[in-house]
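# Secondary and tertiary structure notes
Given next are the chains, with one letter for each unit.
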Amino acid sequence: MLDKIRDWLGLTVFEGATGHGHDHEDDGGHGHTHGVIDPSIATTERGIWAVKWSFVILAITSALQVLVVIATGSVALLADTIHNIADATTAIPLWIAFKLAQRKPTATFTYGYGRVEDLAGIAIVLIILFSALVAGYEAIDRIFHPQPITQLAWVALAGLVGFIGNEIVAVFRIRVGREINSAALIADGYHARTDGLTSLAVVAGAIGVWLGFPLADPIIGLLITIAIFGIVWQSAKAVLTRMLDGVDPAMIGEISHAAGHVPGIKKVLDVKARWLGHKLHSDVAILVEGKLSVTDADKIGTLLKREMFNHIPTLSVVNVRVHGSDSIADVAEAPEHTIGRHHAPEAFKVASTLARGLLAIADTSKGERMRLVLELPVVGLEATVAIDRPGGTVETLALLPVAGRSGVFESTKAPAEPHEFSAQLRLSAGQRADVVTFRMTEPAGHKH
């Protein structure tokens, strides 16, 4: 019996869905929270069709409940009605984005109109928040100023209508989700099923009032209001995360995993992804053998794109950058973009307990700068170069993070001449600190 209940609530489904697997026909392993619907659902016509009809069913359910709220004055039913309206309206931003995404980009909006989904999502979150505040106020006011509730049978019936409406949506979403292999839509189905249980709480409140406990109705209303605030919180997180180009970290892992299926890729140097409406865009930098021809390198990039589209059907656009040498080495050799003038000292390889990378003197548009390029970013890292100069003086250069370039630190002024010196690289992050001693020597023929 317990196993059947767990299966009905979807607990056994999600417990067994943590493995990676290799069929790669799902939605890319998205996590999902109860709130604004996962944009991956709208990557198919069938998915957006399911969202549309779910909205219609919940809208009809809410409309029927509103009539009973007006007739009875039940606070618990008011909160449950708002709860169902909240669930229904979260589909609106996805539908807006789906429609606007069909419009062609313009000279002004070169990426299209997918971001409108985020604006619509914020508006809906604010509406739900206002509704939750109203429901909460009414529930608290009713606790301190009790009022009789009429037509308890209708209140209970409306609660049952809410449960039935959510259950229909649950069955519908789960069935379509399995048809199109959308884990996100299946998850939304099970969330709708648990929402139906809050509607049954309205029935419990009506029974409580009938048994002689008039506060049962506002107390149930207050509990449901707390659930609505949960929707507001998770919806706000989902919308703001997408506005800031955030994605599920599992998506980045899936992209890196796809690269492992392509022969010729020595290393994945960088992976980025973001949602534009319901379309996922990704930028990937890979390392290949430096002796490859441009044609062969391009073929590897094409194979990677194909593999990524096979692994992650939600992908809409993929940009692949192919490098013939490690990005750290590129940083050390390329003028303007990274480290080193043609006559600068060789880059020093940093191997600290806090960070690993290259430290060198870079030619930039602002002149020479000390630059540290990390193999992997370190949260909260602070770096300073202390150079020993003749006469016992010490030249100190603070290395500051470079905007828009993760793991790159640069001084605000040039190191003094000569560029042959002994120095210390002082690193700290939180309570941890380390000092790396190094020496730079200018190449023969270029000493000052």
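The structure this text deals with has already been given above.
Residues numbered from 1 in each chain as written. Predicted model: local features only at pLDDT ≥ 70, side-chain atom pairs only at ≥ 80, totals over all residues. Heavy atoms only, no water.

### A word on the side chain of Asp 80
Structurally, Asp 80 is set in helix H4 (residues 75–89). Of the side chains bearing the opposite charge, Arg 173 lies closest to the buried Asp 80, which forms no salt bridge; the N-O distance is 14 Å. Non-local contacts of Asp 80, meaning those with residues more than four positions away in its chain, are made with Gln 65, Thr 198, Ser 199, Val 202 and Ile 224. (Helix = DSSP H or I, 4+ residues; strand = E, 2+ residues; numbered from the N terminus. Buried < 20%, exposed > 50% of the residue type's maximum accessible area, 1.4 Å probe, protein only. Lys, Arg positive; Asp, Glu negative; His and termini not counted. Salt bridge = Lys/Arg side-chain N within 4 Å of Asp/Glu carboxyl O. Contact = heavy atoms within 4.5 Å.)

### Things to note about the pattern of salt bridges
Tallied over the entire structure, the rule returns seven salt bridges. Among the ionic pairs, Arg 389 bridges to Glu 395, the shortest N-O distance being 2.8 Å. Within this structure, Asp 270, Lys 272 and Arg 321 form a network of salt bridges that share partners.

### Some points on the packing of aromatic side chains
Under the criterion given, the structure shown has two aromatic pairs. The interplanar angle of 25° and the centroid separation of 5.1 Å between the aromatic rings of Phe 348 and Phe 438 together place this pair among those described as stacked. Of this pair, Phe 348 sits in strand S4 (residues 348–351) while Phe 438 sits in strand S11 (residues 432–440); the two residues are 90 residues apart in sequence, bridging distant segments of the chain. (Phe/Tyr/Trp six-rings, centres within 6.5 Å; stacked < 30°, edge-to-face > 60°.)

### With respect to the sheet that holds strand S8 (residues 393–401)
Strands in a sheet are paired, the pairing made by backbone hydrogen bonds, and the direction either parallel or antiparallel. Taken together, the eight strands give an open sheet; going across it, the order is S4-S5-S6-S9-S8-S7-S10-S11, and neighbouring strands pair in antiparallel fashion. The open sheet has two edge strands with one neighbour each: S4 and S11. Each neighbouring strand pair of the sheet contributes to a mean axis angle of 25°, computed without reference to strand direction. Bridge count between strand S7 (residues 381–389) and S8: seven bridges; the pairing is antiparallel. (Pairing = 2+ DSSP bridges. Axes fitted to C-alpha atoms, helices over the stretch in contact; angles between N-to-C directions.)

### So, the pairing of strand S6 (residues 367–374)
Of all eight residues in S6, seven are buried, a share of seventy percent or more. Sheet topology places strand S5 (residues 356–364) next to S6; eight bridges connect them, and they run antiparallel. Among the inter-strand pairings, Ala 362 is bridged to a residue of S6, identified as Arg 369.

### Description of the nonpolar core
Counting 27 residues, the largest nonpolar core has Leu 77, Ile 128, Val 202, Ile 224 and Ile 228 as its most contacted members. No other element matches helix H9 (residues 216–243), which puts six residues into this core. Beyond its immediate chain neighbours, meaning those up to four positions away, Ile 128 contacts Ala 86, Thr 89, Thr 90, Ile 228 and Val 232. Counting 23 residues, the second-largest nonpolar core is a separate cluster that includes Val 350, Ala 355, Leu 427 and Ala 429. (Core = buried A, V, L, I, M, F, W, Y, C linked by side-chain atoms within 4.5 Å.)

### Examining the packing of H4 against H9
In contact at an axis separation of 7 Å, H4 and H9 are set at 20° when each is read in the N-to-C sense. Our classification of the angle between H4 and H9 gives roughly parallel. When the axes of H4 and H9 are compared, the crossing they make is left-handed. Where H4 abuts H9, its residues Val 75, Ala 76, Ala 79, Asp 80, Ile 82, His 83 and Asp 87 lie against Asp 217, Pro 218, Ile 220, Gly 221, Ile 224, Thr 225, Ile 228 and Ile 231. Residues of the contact of H4 with H9, tallied by class, amount to nine nonpolar, three polar and three charged. (Parallel < 35°, antiparallel > 145°, perpendicular 65-115°, else oblique. Left-handed = near helix turned anticlockwise from the far one by under 90°. Nonpolar A, V, L, I, M, F, W, Y, C, P; charged D, E, K, R; others polar.)

### Some points on the packing of helix H3 (residues 45–72) against H4
Put simply, H3 and H4 touch, their axes get as near as 9 Å, and they point 160° apart. The angle between H3 and H4 places the two elements in the roughly antiparallel class. As for the relative orientation of H3 and H4, their crossing is left-handed in sense. From H3, Phe 55, Leu 58, Ala 59, Thr 61, Ser 62, Gln 65, Val 66, Val 68 and Val 69 reach across to H4, where they touch Leu 77, Leu 78, Asp 80, Thr 81, Asn 84, Ile 85, Asp 87, Ala 88 and Thr 89. Considering only residue class, the contact of H3 with H4 consists of ten nonpolar, six polar and two charged.

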